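Each chain, written out:
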Amino acid sequence: MRDYLLTLCVTAAVTYLLTGPVRKFAIATGAMPEIRARDVHREPTPRLGGIAMFFGLCAGLLVADNLQNLNGVFELSNEPRALLSGAALIWLIGVLDDKFEIDALIKLGAQMIAAGVMVMQGLTILWIPVPGVGTVSLTSWQGTLLTVALVVITINAVNFVDGLDGLAAGMVCIAAAAFFLYTYRIWYGYGIEAAAPATLFAAILMGMCVGFLPHNMHPARIFMGDSGSMLIGLVLATAAISVTGQVDPDALKIFEGSTRKATHAALPVFIPLLLPLTIIAIPVADLVLAIVRRTWNGQSPFAADRGHLHHRLMEIGHSHSRSVLIMYFWSALIAFGVVAYSVHSASMWIVLIVVGLSAVGLVLLLLPRFTPRIPRWAESFVPPRYRRRRQSRGAYGEAASAQTDESHEPQQPQGVPVERTPVPAGVNGATALGARSRFPDRRKAGSRN
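Residue numbers run consecutively from 1 along every chain, following the written order of its sequence. Thresholds applied to this predicted model are a pLDDT of at least 70 for local features of residues and 80 or more for the giving and counting of side-chain atom pairs; totals over whole chains, interfaces and linings are not thresholded and use all residues. The basis for every side-chain value is the complete set of non-hydrogen atoms in the structure, without hydrogens or water.

A.B. asks: For this particular structure, what's the right way to read the overall build of the protein?
C.D. replies: Helix and strand definitions follow DSSP, with helices as H or I runs of at least four residues and strands as E runs of at least two, each counted in order from the N terminus. For the protein, the count of helices and strands is 16 helices and 2 strands. Residues count as neighbours in contact if any of their non-hydrogen atoms are within 4.5 Å of one another. Pairs at least 24 apart in sequence give 72% of the contacts found in the protein among residues at least 6 apart. Accessible area for the protein stands at about 23,000 Å²; split by element, carbon and sulfur atoms hold 64% of it. For every accessible area listed, the method is Shrake-Rupley and the probe measures 1.4 Å; residues are considered covered only by the protein chains on display.

A.B. asks: Would you explain the side chain of Asn 216 in this entry?
C.D. replies: Tracing the backbone through its elements, the reader meets Asn 216 in helix 8 (residues 196–216). Here a polar contact means two N or O atoms within 3.5 Å. Within protein one must be a hydrogen donor candidate and the other an acceptor candidate, and residues neighboring in sequence count only if both atoms are side-chain atoms. One polar contact links the side chain of Asn 216 to the main-chain carbonyl oxygen of Ile 222, over a distance of 2.8 Å. Aside from chain neighbours lying at most four places away, what touches Asn 216 is Asp 165, Gly 166, Ile 222, Phe 223 and Met 224.

A.B. asks: Just checking my understanding: could you explain the pattern of salt bridges for this structure?
C.D. replies: If charged atoms from side chains of opposite charge come close, those side chains can pair. Think of a salt bridge as a Lys or Arg side-chain nitrogen and an Asp or Glu carboxyl oxygen that are within 4 Å of each other. By the definition in use, this model includes 3 salt bridges. Among the salt bridges present, the one from Arg 47 reaches Glu 101, with a minimum N-O distance of 3.3 Å. Remark: Glu 101 occurs in the loop between helix 4 (79–100) and helix 5 (104–120) and Arg 47 occurs in the loop between helix 1 (2–29) and helix 2 (50–65); sequence separation between them is 54 residues. Only protein chains enter the accessibility calculation, which uses a 1.4 Å probe; a residue whose area is less than 20% of its type maximum is buried, one above 50% is exposed, and one in between is partly exposed. Residue Glu 101 is classed as partly exposed on the basis of its relative accessible area of 47%. One salt bridge connects Lys 107 with Asp 226, and the closest N-O pair in it is separated by 2.8 Å. Residue Lys 107 is found in helix 5, and its partner Asp 226 is found in helix 9 (residues 225–245); the two are separated by 119 residues along the sequence.

A.B. asks: Just checking my understanding: could you explain the confidence of the model for the protein for this structure?
C.D. replies: For residues with low pLDDT, the predicted coordinates do not support detailed interpretation. The quantity known as pLDDT measures the predictor's confidence residue by residue, on a range of 0 to 100. Per-chain confidence: the protein averages 75 in pLDDT, with 66% of residues scoring 70 or above. Across the protein, element-level confidence peaks in helix 2 with a mean pLDDT of 95 and bottoms out in helix 16 (residues 395–408) with 44. Counted against residues more than four places away or in other chains, residues 254–264, with its pLDDT under 50, gives 10 contacts. Across residues 415–449, confidence stays below pLDDT 50; counting only partners more than four residues off in sequence or on other chains, it has 52 contacts.

A.B. asks: Could you clarify how one ought to interpret the nonpolar core in this entry?
C.D. replies: The nonpolar side chains of a soluble globular protein tend to be buried, and buried together. Within the largest apolar cluster, 94 residues are counted, with the highest numbers of intra-cluster contacts made by Tyr 4, Leu 57, Leu 200 and Leu 205. Broken down by element, the residue count for this core peaks at 17 residues, all from helix 7 (residues 167–189). Dropping the residues within four chain positions of it, Leu 200 is found in contact with Tyr 4, Thr 7, Leu 61, Ala 64, Leu 70, Val 73 and Phe 74. Definition of nonpolar core: a set of buried residues of the types Ala, Val, Leu, Ile, Met, Phe, Trp, Tyr and Cys, connected through side-chain atoms within 4.5 Å.

A.B. asks: So what exactly am I meant to see when it comes to the packing of aromatic side chains here?
C.D. replies: A ring pair, where both rings are aromatic, is described by two values, the distance of the centres and the angle of the planes. Two aromatic rings from Phe, Tyr or Trp, using only the six-membered ring of Trp, form a pair when their centres are within 6.5 Å; if the ring planes differ by under 30 degrees the pair is stacked, by over 60 it is edge-to-face, and anything between is tilted. Tallying each qualifying case throughout the model produces 10 aromatic pairs. Aromatic pair Phe 54 and Phe 55: ring centres 6.0 Å apart, planes at 70 degrees, arrangement edge-to-face. Owing to a relative accessible area of 8%, Phe 54 belongs among the buried residues under this scheme. The structure contains a cluster of three or more aromatic residues connected by ring pairs, namely Tyr 4, Phe 180, Tyr 184 and Trp 187.

A.B. asks: Could you clarify how one ought to interpret the environment of Gly 166 in this entry?
C.D. replies: Mapped onto the elements, Gly 166 comes out in the loop between helix 6 (140–161) and helix 7. For Gly 166, a relative accessible area of 0% puts it in the buried group. In this structure the C-alpha to C-alpha distance between Gly 166 and Pro 219, which are 53 residues apart in sequence, comes to 9.1 Å. Leaving out residues up to four positions away in the same chain, Gly 166 has contacts with Leu 213, Asn 216, Met 217, Val 324 and Tyr 328.

A.B. asks: Can you walk me through the packing of helix 2 against helix 8 in this structure?
C.D. replies: Working note: a packed helix pair is described by the angle between its axes plus the distance between those axes. In this analysis an axis means a line fitted to C-alpha atoms, helices contributing only their contacting stretch, and an angle means the value between N-to-C directions, from 0 to 180 degrees. At their nearest, the axes of helix 2 and helix 8 sit 9 Å apart, and the two run at 140 degrees to each other. With respect to helix 8, the axis of helix 2 lies oblique. The two elements helix 2 and helix 8 cross, and the hand of that crossing is right-handed. Here helix 2 contributes Met 53, Leu 57, Gly 60, Leu 61 and Ala 64 to the contact with helix 8, which in turn contributes Leu 200, Ile 204, Met 208 and Phe 212. When residues are grouped by polarity, Ala, Val, Leu, Ile, Met, Phe, Trp, Tyr, Cys and Pro land in nonpolar, Asp, Glu, Lys and Arg in charged, and all others, Gly among them, in polar. Of the residues in the contact of helix 2 with helix 8, the class split is 8 nonpolar, 1 polar and no charged. Oblique is the label for any angle not under 35 degrees, not over 145, and not in the 65 to 115 range, which are roughly parallel, roughly antiparallel and roughly perpendicular in turn. Definitions for this section: a left-handed crossing has its near helix turned counterclockwise from the far helix by less than a right angle. A right-handed crossing has that turn clockwise.

A.B. asks: Is there a simple way to explain the side chain of Ser 242 in this structure?
C.D. replies: With respect to the helices, strands and loops of the structure, Ser 242 is situated in helix 9. At 2.6 Å, the side chain of Ser 242 forms a polar contact with the side chain of Glu 79.

A.B. asks: Teacher, can you tell me more about a nonpolar patch on the surface here?
C.D. replies: Only residues above 30% relative accessible area that lack a salt bridge enter a patch, with like-charged residues linked at up to 9 Å and the nonpolar side chains Val, Leu, Ile, Met, Phe, Trp and Tyr linked at up to 5 Å. On the surface, Tyr 341, Met 348, Trp 349, Val 351, Leu 352, Ile 353, Val 355 and Leu 357 cluster together into a nonpolar patch covering about 800 Å² of accessible area. Tallying contributions element by element places helix 15 (residues 348–365) first for the nonpolar patch, with 7 residues. Structurally, Val 355 can be placed in helix 15.

Next up, the structure:
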């Protein structure tokens, strides 16, 4: 556990420290697309955050390769190299898309090629455990098709949910944390070394998301772009494939004793069939709804719109931050609920807790206008939107404000109108070289005014 935590911290530190220089590089290269009608942010924000995340991935793998307890993952398995090669390919395509807007079909083909590269290096599903049947071995073609399908679905699900500041990184971090707990239990609790690569991938993925989130929380200073969303989707799919198709269920030696005990003991084996989908249940649901909605309206499944789940949360009255937190809540409830049930499947308390938290989540969905207030002594520890409103300023404050505003006005001869030329708004209201724009365009994206 100490080595996994060290790998996680190094990955997070490298990602966090490189995001700032990457942001400046994105501004210098012009990787700041204009505001689109479906965008939620109001000002151009640089992309290419996936560059920092990819180097964080490389740093995590390099550190793990030099640790005594994790070095065996690289010696006994070729999966880390397969992950690195597939991640490099999908990351390169994402960087080009962030800069030049590549066609959706080309990206889909690149995702399949990246999955195929990993399959060629041995990262594939060899068998699947089926309840009531046992372990079913797959042919090479069946394993390849199932692996490619899982990679493509996971990548696009994460890419579709990347619509609000900090949403994709936070949800994937929650999914990776749940997956880490599950795979660590299989590796350490049952002594199965085949689960070690998936545990390492989950720890590195958590580090990538944790290191990037401080720069990506609302208001975001940089976006991960497709170079980041497709990358973390690939890593998440790789961890799921590794533990699902590489761990032999017979190695757990649980099919002993009565049928009831064997059924409860076999849950850790059958959970991989559900866990890769439950940890990304919200993104996958968004993906399926988007495809059905666009096809029903006669559009391409890859056409962008404002009908995603996070857009609908904001339309019913939730703020940007509240929408993100609600998505976090449901992702954590589903992912950790499944992991907890796999550990204590015979306990009814797990089901009752999940049902109770689901009721709390439904109440939060029905109260979009509710803003909690906290005591005054704790206001300095929370964002300003949760503080009580102060009384309006007096005459002295208004006069001082007016005097300050007048001091910034350019001096012009009497009778000549003052030209208020707005400074082009840059990243979150700041230009690449100067200070915040004094007259930013506050119009909504796509508005007629």
